Amino acid sequence: MKRALLTSYSALSALGTSGEDFASKLRAGHTGLVPLADDDLVRRLFGVGVLGLLPGQDREDNTLHTVAQCEQKRTLLKKLFAPLGELAGVDTLLLVHNAGPNPATLARAGVLYRAGEHGVLQPEDVRAHLLAEKKLSAQLRTISFHNTCASGTAALAHAAHRIRAGVSRRVLVVGFEVSNNNYYILNSLSALGVLNGQGQTPAEAMTPFDRRRRGFVKGDGLCALLLEAEGHESARPVLEVAGGALSCDAHSLTDGIESGERVAETMRRALADAHAAAEEIDLVSAHGSGTQLNDLIEVRGLRQVFGDRPGLEVQAAKAFFGHTLCVSGLLEVAALAAQAQGGFRIGNIHLRELAPEIPFRLPRTTEQGRFALAIKNSFGFGGYNASLVVRNLAGDAC
């Protein structure tokens, strides 16, 4: 069985539009979240004071100018794919994107939707760019994933399974969530009560695992990760996606099972798929959305798998760039890759008072040293669960 190796990645988020920005701000503990102006329409409509904006997003009217016009879409996609180098040998493309109503449908329904003159990024834009600019084959196998906020992690699990089974050699996973100008999505999230409408600064608004957490900050982001079969690497591997598992609670349209049992089951299956024991895990890259219920369910699941291990380190990267919905898992794996390459581990930068139900170690600031084996969790509406086991290949673990 071939190992599935992550050899390159690119991340555009509130942290910036270059790999250097992404890694350096993670290491420095600098959030990319920004407060909105008092007269910002999003603040007035939804009571949201903070967003994770891509560079180029106008904070006054919240229109994403960098993807509002066709030429600017191409520029953004070139920036996304440039760090990945040669992609001609990619045989499978996995697209992670929001599958909500299109602008025309919303307009007919009278829903306020602002997407710029030419609309926002669409799956066909990404595929067309890759065929034209990166010379990928027109026979490229393309699969879409839109399993709510677990989509990115689910796509990576699928990519790894394809490679390990010998079905694919080079799989490109691309995700994009550009919806801070989509008032339909913001209104839906606001109505569900998951957006933090009380925090007026990033440190107040995005606080995963804090006792006083009140919801999340919506972020935009794009991410691309290249997975290659062992023996066919185009660059030195950074991570191995050693195992993965998916499940669905089928319990509620929005919430997972509160006991955390399905979350625990998904992690156990991912560990079994990776032939790893729970005791080998030294880092948890948590979903950590910052809502009261979601964080509680995740902690309950973690305790069922790992026990009350006070030394088990847990990190929640969404404090850096917000909750990017379907792309969050991809950005958080990219964050693991940046940490592996840089020999550091991020802190939980907005954590002030750890929730009493959490027995694990959540450092507040960056720490030096490499992780050896991490588990990455993502959960979505409808009780959709995804977990990955990720091995650090960038250097010997400390």
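See the structure shown above.
Here's a quick rundown of the structure.

Thresholds applied
- Residues numbered from 1 in each chain as written.
- Predicted model: local features only at pLDDT ≥ 70, side-chain atom pairs only at ≥ 80, totals over all residues.
- Heavy atoms only, no water.
- Buried < 20%, exposed > 50% of the residue type's maximum accessible area, 1.4 Å probe, protein only.
- Helix = DSSP H or I, 4+ residues; strand = E, 2+ residues; numbered from the N terminus.
- Arc of directions from axis to C-beta.
- Salt bridge = Lys/Arg side-chain N within 4 Å of Asp/Glu carboxyl O.
- Pairing = 2+ DSSP bridges.
- Contact = heavy atoms within 4.5 Å.

## As for helix H6 (residues 123–133)
Move 1: Along H6, the positions that sit buried rather than exposed are Pro-123, Val-126, His-129 and Leu-130. Each buried residue of H6 sits inside an arc of 135° when the element is viewed along its axis, so together they form one side.
Move 2: Looking one or two places after H6, you find Lys-135, whose phi comes out positive at around 60°.

## Focus on the pattern of salt bridges
Move 1: Summed over the entire model, instances satisfying the criterion amount to 18 salt bridges.
Move 2: In this structure, Arg-3 and Glu-240 form a salt bridge, with 3.1 Å as the shortest nitrogen-oxygen distance. Remark: Glu-240 occurs in strand S8 (residues 239–248) and Arg-3 occurs in the segment before strand S1 (4–12); sequence separation between them is 237 residues.
Move 3: Here the residues in one salt-bridge network are Arg-3, Glu-230, Glu-240 and Arg-391, joined through shared partners.

## Some thoughts on the pairing of strand S4 (residues 92–97)
Move 1: With six of six residues buried, S4 is to be regarded as a mostly interior element.
Move 2: Burial along S4 is two-sided: the face carrying Thr-92, Leu-94 and Val-96 and the face carrying Leu-93, Leu-95 and His-97 are both buried.
Move 3: Taken together, the five bridges between S4 and strand S5 (residues 141–145) define a ladder with parallel strand orientation. Counterpart to Val-96 in the pairing with S5 is Phe-145.

## Observations concerning the environment of Leu-283
Move 1: Looking at where Leu-283 falls in the secondary structure, it is placed in strand S9 (residues 283–285).
Move 2: By relative accessible area, Leu-283 is classed as buried at 0%.
Move 3: Sequence-wise, Leu-283 and Ala-374 are 91 residues apart; in three dimensions their C-alpha atoms are separated by 4.7 Å.
Move 4: Residues contacting Leu-283, with those up to four places away along its chain left out, are Leu-312, Glu-313, Gln-315, Leu-336, Phe-371, Leu-373, Ala-374 and Ile-375.

Just distances and angles here, no functional claims.
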